[in-house]
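Structural features, examined
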Amino acid sequence: MCYSICLISWMIVILCPLQKVQSHQNEWYKTATIYQVYTRSFMDSNNDGNGDLQGILEKLDYIQTLGFDTVYVQSVFKSPFLDGGFDVSDQKDINPIFGTTNDLKNLIDEIHKRGMKILIDFVPNHTSHEHEWFKKSVKREAPYTDFYVWENPKEFDSQTNEPIPPNNWIAVFTGSMWKWSDERNQFYLHQFLPVEPDLNYRNPAVREAMKGILKFWLDLDVDGFRVDAIGHLLEDIMLRDNPWIPGMVGVNNYRAQIHKFSKNQEEMYEVTDEWRLVLDEYTRKTNRSRIMAFESFDPPEFVQKHMGNETHKRLHFVLCPTIFFHRPYNASGIVDFIQTQLRVSTPSGVPSWSVGSHDMGRSGDLGGSEISLPSFMVAFLLPGVATSYYGDEISMSDQPLRPDQKSNMDAFDHLKHRTPMQWDDSTNAGFTRTRKPWLPVNPNYWAINVKRQLGEKHSQLNNCIRLIKLRRTPTILNGQLAICTPTPWLFVFQRYLHGEASIVVVVNLGTEMELISLKDCSFNLPRVMEIHTASSSSGFQIGDKFVVCDSSNLTSCPRLRPRSGLVLTSARSSESSYAVKSKHSILIFALSLVLSACYW
Ligand code: GLC
């Protein structure tokens, strides 16, 4: 029965009740448009083959011209770079290949002068094994003796006398989560790489030290942090074995276990509450929100708890949900994802969408390069925060690397997402003038680069600029959202606000042509709309008229090519169409509840 309701679901509009997003100056984050810069790959100012802080400074005008209001400057701390800079060896210092703390201060000031905001990393779960704390902890030097999670062996192997780890936990990057230290004669815990020992959050001194790090960068005037790997902060105090996924017992892979005792332990919320107090203190002092965005790929109940509620506010938004990844690549897969994000959001813990990321890669690599602009249409025109990873704006693609091209460890085959920014068609795409950048430039740089796209009227870059401008309109900033899936492959949503132009996004996720029967969505749209943005493969042009038709009159219906997208705008909506919509909304919302039950 539920299945049959699900089958007809694509014919029904789903109205999502939204709290109005109000963007006060001190709540800038609620509608932030974030440009994520992987520092090492963005712009090399001193020609050593590595991007750096001065390079970001040189390109700030570019980022601002695109329309972004926030820059997330990633992986800048001192680090042996065995995990892309997330293996931090000093959280209060800058990696010399990127510059100095003064360079970061300069960058912060320049960003603020432009009325923009800056986020940096906060990596609380672990440090590098080269961190002073760890070196002292290995030697049991006070006060660092218990800064990390140390444990005695469960037992010693009767034949080899090898120490046996305390339990069966598997690290994210495979292998046991425990590594033996001959020097200390104990195991230490590492949720990620063995070179990334886990900090011990049951030690109050660790909590204080980590708060000190937040304060250190807040004093330098950063606006907030991307909190890394939050679910991994604490583990079960009794170190109980994790259950195995049925059929996977003993498989040496993170995905073989249910991480019941090694992840998302209740005490992590106490820790984040302490961080929130620190941020609030700075927010009060400056009347400007200092925020924490967090990384989580966890089930919605955990994300919801991290967001808190209006009387107990916690984190501000999740930074990583990339819009077209990790879910069924069809209309209901996207709707399901969007509804979940909206459901776990609160007025202060807002929804957030990303186009690509340093871990997930670029949207075009999953659905083909045609889907790159449509992913911007969705991420940038839904309510809440939008993030784009450097180079997504020109549809850069991943570049798999040969082993001899990797100067660093590549734990999860992530380096291919981090190749240098493609600025122009000169040697090394204008990223560096040295012969060899730290990672090779994608061979397609001569065709896919900023210089070329700035000169082409309908390039992805210019379309992104159009979308970010549209993002600033009252309809997108404060409007309501209605979602519709007229066919299993066509994903449609409308943003509308009383007295303002309606905006409709239509994306064909499938591999075949689809009829766009918008009347089936009951959106109360005018008969003719205008095309505001069209992806190059769509077959439509900016400025064209678009006829809103229904499936009962198929001959008049426009068709949309596979893996392409359109943004349509109407004239300002009239009183009456708004009222009609409200009459339907109760029935429709009730249906949407039934549907959500199906999806879940
Ligand atoms: C986060 C980062 C990832 C890193 C991991 C361990 O998931 O995004 O790149 O490897 O944390 O720090």
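Up top is the structure these notes are about.
Here the structure is a predicted model, which is why all the values come from computation and not from measurement. (Residues numbered from 1 in each chain as written. Predicted model: local features only at pLDDT ≥ 70, side-chain atom pairs only at ≥ 80, totals over all residues. Heavy atoms only, no water.)

With antiparallel pairing, the 3 strands of this open sheet are ordered in space as β7-β11-β10. Taken across any chain shown, the strands that pair with only one partner, and hence form the sheet edges, are β7 (150-151) and β10 (178-181). One ladder, built from 4 bridges, connects β10 with strand β11 (residues 186-189); its direction is antiparallel. Bridging across to β11, W180 finds its partner in F187. (Pairing = 2+ DSSP bridges. Helix = DSSP H or I, 4+ residues; strand = E, 2+ residues; numbered from the N terminus.)

Another point: the site of the ligand. Residues in contact with the ligand, as listed here, are D83, F86, H126, F173, F192, R226, D228, E295, H358, D359 and R418. Measuring from an oxygen atom of the ligand, one finds a side-chain N or O atom of H126 at 3.0 Å. Between an oxygen atom of the ligand and a side-chain N or O atom of D228, the distance comes to 2.9 Å. When the ligand is considered free in solution it has 300 Å² of accessible area, and contact with the protein chains removes 96% of it. Class assignment for the residues of the shell around the ligand results in 3 nonpolar, 2 polar and 6 charged. (Near = heavy atom within 4 Å. Polar contact = N/O pair within 3.5 Å; in protein donor to acceptor, adjacent residues only side chain to side chain. Areas by Shrake-Rupley, 256 points an atom, 1.4 Å probe, with all protein chains shown as cover. Nonpolar A, V, L, I, M, F, W, Y, C, P; charged D, E, K, R; others polar.)

Attention now moves to the sheet that holds strand β6 (residues 117-122). Ordered in space as β14-β13-β12-β6-β3-β2-β16-β15, the 8 strands form an open sheet in which the pairing is parallel. Unpaired on one side and paired on the other, β14 (317-318) and β15 (352-354) mark the two borders of the sheet. Bridge count between β15 and strand β16 (residues 385-389): 3 bridges; the pairing is parallel. What sits directly across from S354, in β16, is T387. Against the sheet, helix α4 (residues 101-113) touches β3 (70-74) and β6, its axis set at about 145° to β6. Each of β6, β12 (224-227) and β13 (291-294) touches helix α7 (residues 267-286); the most contacted strand, β13, lies at about 145° to it. (Contact = heavy atoms within 4.5 Å. Axes fitted to C-alpha atoms, helices over the stretch in contact; angles between N-to-C directions.)

Turning our eyes to something else, we now look at the environment of T39. Looking at the element boundaries, T39 is found in the loop between β2 (33-38) and α2 (53-58). Residue T39 is classed as buried on the basis of its relative accessible area of 0%. Separated by 36 residues in sequence, T39 and S75 have C-alpha atoms that sit 6.6 Å apart. Contacts of T39, omitting those with residues within four sequence positions, involve G51, D52, L53, I56, V73, Q74, V76 and F98. There is a polar contact of 2.6 Å between the side chain of T39 and the backbone oxygen of Q74. (Buried < 20%, exposed > 50% of the residue type's maximum accessible area, 1.4 Å probe, protein only.)

Further remarks concern the side chain of N203. Relative to the helices and strands, N203 resides in the loop between β11 and α6 (204-219). Classification of N203 by relative accessible area gives buried; the value is 13%. Those residues in contact with N203 that sit more than four places away from it in its chain are D146 and F147.

Right, let's get into the pairing of β11. Burial along β11 is two-sided: the residues Q186 and Y188 and F187 and L189 are all buried. Judged from the 2 bridges that link them, β7 and β11 form a sheet pairing that is antiparallel. Bridge pairing links W150 to Y188 in β11. Joining the antiparallel neighbours β10 and β11 is a turn of 4 residues, in which N185 adopts a positive phi near 65°.

Scanning the entire structure with this criterion turns up 2 disulfides. The disulfide partner of C484 is C521, and the gap between their sulfur atoms is 2.1 Å. A torsion of -80° about the S-S bond marks the disulfide between C484 and C521 as left-handed. Within this pair, whereas C484 is found in strand β17 (residues 480-487), its partner C521 is found in the loop between β20 (514-515) and β21 (528-534), the two being separated by 37 residues in sequence. With respect to burial, C484 and C521 carry one shared label: buried. If the cysteines joined by disulfides in the chain are listed in sequence order, their pairing comes out as 1-2, 3-4. (Disulfide = S-S within 2.5 Å.)

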